[in-house]
Amino acid sequence: VVYGDVILNEIANKLAYMLAFCIALVAVLFTYQYPLKRKASRVEVVFVGVSAVLMLGGSLHPSIAGHILSKDGELLFQAGRLVWVYAAFFLAMILVCCMNLLSAARTSSAQAKNQAIYILLAFSVTAVLGLFFNLVIPVFASDWATTHIGPLSTVVLVGVISYSMR
């Protein structure tokens with residue numbers, strides 16, 4: 001392993017954290033538009049905005065994204081000491097999605113209610129599987145091989161949302 005591999009993996013790791021949070025933000029914005037359009041409260045706008053700035057910026061810092069080292073020709077991934085903050089904000093974004101979808105399910109027609117429930121399940125299952133395979137197992141078991149499985153959780157998201165829009 002050469003030094004360039006470490007730098008390239010450092011950049012890719014930071015981008016992975018950043019893009020994963022972008023996905024959570026897009027999910028929040030999506031739930032304000034589908035299955036029913038809903039206006040965000042001032043508190044929601046501030047919370048989501050502050051979360052976006054903190055976590056998108058924080059994703060680039062080693063205290064969240066961690067470090068990648070080379071030892072005996074192998075790359076070693078070390079989680080940042082504040083990775084739990086990232087996970088908490090990520091779950092908070094999923095919670096905002098859930099609240100929006102539950103609100104839509106309570107105040108809508110039968111079709112929109114079903115769509116909201118399907119999307120709620122899709123976001124929840126995808127977020128939990130993604131966090132489990134991409135963060136929990138790698139951090140606590142020091143086994144980064146499961147990160148190859150994590151992206152497959154988006155198949156659930158795409159499939160269920162596509163089904164709900166039929």
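Residues numbered from 1 in each chain as written. Predicted model: local features only at pLDDT ≥ 70, side-chain atom pairs only at ≥ 80, totals over all residues. Heavy atoms only, no water.

## Quick notes on the overall build of the chain
Looking only at helices and strands, one finds 6 helices and 2 strands in the chain. Helices (α) and strands (β) of the chain occur, in sequence order from the N terminus, as α-α-α-β-β-α-α-α. Over its C-alpha atoms, taken along the principal directions, the chain stretches across nearly 60 × 30 × 25 Å. Across the 166 residues of the chain, 38% fall into the buried class. Relative to all contacts within the chain whose residues are 6 or more apart in sequence, the contacts with residues 24 or more apart total 67%. (Helix = DSSP H or I, 4+ residues; strand = E, 2+ residues; numbered from the N terminus. Buried < 20%, exposed > 50% of the residue type's maximum accessible area, 1.4 Å probe, protein only. Contact = heavy atoms within 4.5 Å.)

## Quick notes on the packing of helix α4 (residues 83-106) against helix α5 (residues 110-141)
Where α4 contacts α5, the two axes come as close as 8 Å, and the packing angle between them is 170 degrees. Taken together, the axes of α4 and α5 lie roughly antiparallel to each other. Where α4 approaches α5, its residues Val-83, Ala-87, Phe-90, Leu-91, Ile-94, Cys-97, Cys-98, Leu-101, Leu-102, Ala-104 and Ala-105 are matched on the opposing element by Lys-113, Ala-116, Ile-117, Ile-119, Leu-120, Phe-123, Ser-124, Ala-127, Leu-131 and Leu-135. In terms of residue class, the contact of α4 with α5 is made up of 19 nonpolar, 1 polar and 1 charged. (Axes fitted to C-alpha atoms, helices over the stretch in contact; angles between N-to-C directions. Parallel < 35°, antiparallel > 145°, perpendicular 65-115°, else oblique. Nonpolar A, V, L, I, M, F, W, Y, C, P; charged D, E, K, R; others polar.)

## Details of the nonpolar core
With 36 residues, the main nonpolar core has Tyr-17, Phe-21, Val-28, Tyr-86, Phe-90, Met-93 and Phe-123 as its most contacted residues. Contributions of two or more residues to this core are made by α1 (3-31), α2 (42-58), α3 (62-65), α4, α5 and α6 (153-164). Sequence-distant contacts of Phe-21, defined by excluding residues within four places in its chain, comprise Ser-51, Ala-52, Met-55, Leu-56, Tyr-86, Phe-89, Phe-90 and Met-93. (Core = buried A, V, L, I, M, F, W, Y, C linked by side-chain atoms within 4.5 Å.)

## Description of unusual backbone geometry
The peptide bond linking Tyr-34 to Pro-35 adopts the cis configuration, its omega dihedral lying at 5 degrees. Relative to the helices and strands, Pro-35 is located in the loop between α1 and α2.

## Section: α5
Between its first and last C-alpha atoms α5 spans 44 Å; for 32 residues at 1.5 Å apiece the expected length is 46 Å, and the two agree. Of all the bends found along α5, the most pronounced is centred on Phe-132 and spans about 40 degrees. Following α5 by one or two positions, Ser-142 adopts a phi angle in the positive range, close to 50 degrees. (Expected span 1.5 Å × (residues − 1). Bend = angle between axes of the 7 residues up to and from the residue.)

## A short note on a nonpolar patch on the surface
Taken together, Ile-7, Ile-11, Leu-15 and Leu-19 make up a surface patch of nonpolar side chains, about 340 Å² in accessible area. If you trace the backbone, Leu-15 turns up in helix α1. When its relative accessible area of 40% is taken as the criterion, Leu-15 is described as partly exposed. (Patch = residues over 30% accessible without salt bridge, like charges linked within 9 Å, V, L, I, M, F, W, Y side chains within 5 Å. Areas by Shrake-Rupley, 256 points an atom, 1.4 Å probe, with all protein chains shown as cover. Salt bridge = Lys/Arg side-chain N within 4 Å of Asp/Glu carboxyl O.)

## Details of the pairing of strand β2 (residues 74-78)
As defined by bridge partners, strand β1 (residues 67-71) adjoins β2 across 5 bridges and the pair is classed as antiparallel. Across the sheet, residue Lys-71 finds its bridge partner in β2, namely Glu-74. A loop of 2 residues connects β1 with β2, the two strands running antiparallel in sequence, and Asp-72 in this loop sits at a positive phi of about 55 degrees. (Pairing = 2+ DSSP bridges.)

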